[in-house]
Structures are given as C-alpha cells and as structure tokens.
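Spelled out, the chains give:
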Amino acid sequence: MKHESGVKIVVRHLESVVRLATSFAKMRLSPYVREDDVSRAIALFLTAFLSTLQYKRREALKKKYTSYLVLDKQHYQILSHILAAGVKEQCQLMSLKYGGYEGREVLQSVTDLRSKATEHKIYEQDVEKYFKTKAFLSHYRLINNRQDILWVRGASGEEQN
C-alpha cells in the first residue's frame, strides 16, 4: 500500500486551525490574528495529527512539515545570529575608532533587537521567551531595566569574534 505524501483534512480541521489561531491572538490580547498565530495553530494541529499516525508515515510527514514544527527554535537561532552580528559589528567599530579596541563588554539596545526581530516576523512575545533561554543567558544579560543587552567577552567560556 502506497502512502500519500500529504495530510488529508476536512473543513472541520480547517475550522479548528482558525479557532486555534484566534485563541493565540486572544492570548496576546489582540483583536487581530497575525501570521505567527496561524503558524502556531498549524504547528499545534500538525503535532496532534502526526501523533495519531504510524511511525514510518509520521516521520516522513514530520520532515515535510518541519518548518511549522520548529518555530521557536528557528526564531531563537535568528535572534542569536542578530545579537552576535551586532556584537561583532560594535567590536569592529570600536576597534576602528580606538585602534585595536580590546574591550570586554558590548551594549546593545533591546529596542534595536525587537525592531530587527520584527523584520523577520519574530514578535515581542518570542523575544521575551528568548531572553529566558539558555542560549541567551549563557552569552548576554539584560540591564538598565531591560532596556539594554550586555555581552561580556569570555562570559560563556568562549569569545565572539
């Protein structure tokens, strides 16, 4: 018996995704559903649906729909990259400005991170969750009433270049 590569759904399933997306928007206290609400609803639907399938088919479909199933991890990787690029850029600017800058600390604005995150369709609640992750806390600290992000050279046992 040949397995199809898609997921068969009915109108009832689509209505469920709409209700889930609406619920995610309401949890943000928003009257509007955003793209990330729909993506989270699809991810939740797929997770529930895939859990009902046999192993072989489930694994094949997981690969196909990975982009919906790993949203937070992708967002955290993008945020880590944005911060690392900002630290590198600031270190280079300070080196040019002061000739061989070997500073141990770099400050970055939380507002700038949020702005860049929004360009990648990563919203504020995801940025806030990122601030609590091991990936963030092992390299950075929030300071000045959560207005700035501090990077300290060697704080995680390795330097960012």
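As a reminder, the structure under discussion sits directly above these lines.
Below or above, wherever it landed, is the structure these notes cover.

With respect to the element layout, Asp-37 can be found in helix α2 (residues 35-50). There is a polar contact of 2.9 Å between the side chain of Asp-37 and the backbone nitrogen of Arg-34. If we ignore the near neighbours within four places in the chain, the residues touching Asp-37 are Ala-21, Phe-24, Ala-25, Arg-28 and Tyr-32.

Let us now look at the pairing of strand β3 (residues 148-152). The buried count for β3 comes to 4 of 5 residues, which makes it a mostly enclosed element. Sheet topology note: the strand β1 (residues 105-109)/β3 ladder contains 5 bridges and is antiparallel. Within the sheet, the bridge partner assigned to Ser-109 lies in β3 and is Asp-148. With 4 bridges joining them, strand β2 (residues 140-143) and β3 adopt antiparallel strand pairing. If you follow Tyr-140 over to β3, its bridge partner there is Trp-151.

All buried positions along helix α6 (residues 110-119) are accounted for by Val-110, Leu-113 and Ala-117. All buried residues of α6 project into a common sector of 60° when viewed along the axis, lining one side. Exposed and oriented more than 90 degrees from the buried face of α6 are Thr-111 and Glu-119. Among the residues of α6, the N-terminal cap falls to Ser-109, whose side-chain oxygen and the backbone nitrogen of Thr-111 are separated by 3.1 Å. Lys-121 sits one or two residues past α6 and shows a positive phi near 60°.

What follows is about the pattern of salt bridges. A complete count under the given rule lists 4 salt bridges for this structure. A salt bridge links Asp-126 to Arg-40; the shortest N-O distance between them is 2.1 Å. One end of the pair, Asp-126, is in helix α7 (residues 124-130); the other, Arg-40, is in helix α2, and 86 residues separate them in sequence. Ionic pairing is found between Arg-114 and Glu-128, a salt bridge with its closest N-O pair at 2.2 Å. Taken as a pair, Arg-114 in helix α6 and Glu-128 in helix α7 lie far apart in primary sequence, 14 residues in all.

A separate point is the packing of helix α1 (residues 11-27) against α2. The geometry of α1 relative to α2 is characterised by a closest axis approach of 8 Å and an angle of 130° between their N-to-C directions. On the basis of the axis angle, α1 is oblique to α2. In the crossing of α1 with α2, the sense of the turn from one axis to the other is right-handed. Residues His-13, Val-17, Leu-20, Ala-21, Phe-24 and Ala-25 of α1 lie in contact with α2, whose contacting residues are Asp-37, Val-38, Arg-40, Ala-41, Ile-42, Leu-44 and Phe-45.

Once that is clear, we can look at the sheet that holds β2. The 3 strands lie next to each other as β1-β3-β2, forming an open sheet whose pairing is antiparallel. The open sheet is flanked by β1 and β2, the only strands paired with a single partner. When the angles between neighbouring strand axes are averaged without regard to direction, this sheet yields 30°. Across the sheet, α6 touches β1, β2 and β3, and the angle it forms with β1 is around 60°.

Parameters at a glance
Residues numbered from 1 in each chain as written. Predicted model: local features only at pLDDT ≥ 70, side-chain atom pairs only at ≥ 80, totals over all residues. Heavy atoms only, no water. Helix = DSSP H or I, 4+ residues; strand = E, 2+ residues; numbered from the N terminus. Polar contact = N/O pair within 3.5 Å; in protein donor to acceptor, adjacent residues only side chain to side chain. Contact = heavy atoms within 4.5 Å. Buried < 20%, exposed > 50% of the residue type's maximum accessible area, 1.4 Å probe, protein only. Pairing = 2+ DSSP bridges. Arc of directions from axis to C-beta. Salt bridge = Lys/Arg side-chain N within 4 Å of Asp/Glu carboxyl O. Axes fitted to C-alpha atoms, helices over the stretch in contact; angles between N-to-C directions. Parallel < 35°, antiparallel > 145°, perpendicular 65-115°, else oblique. Left-handed = near helix turned anticlockwise from the far one by under 90°.

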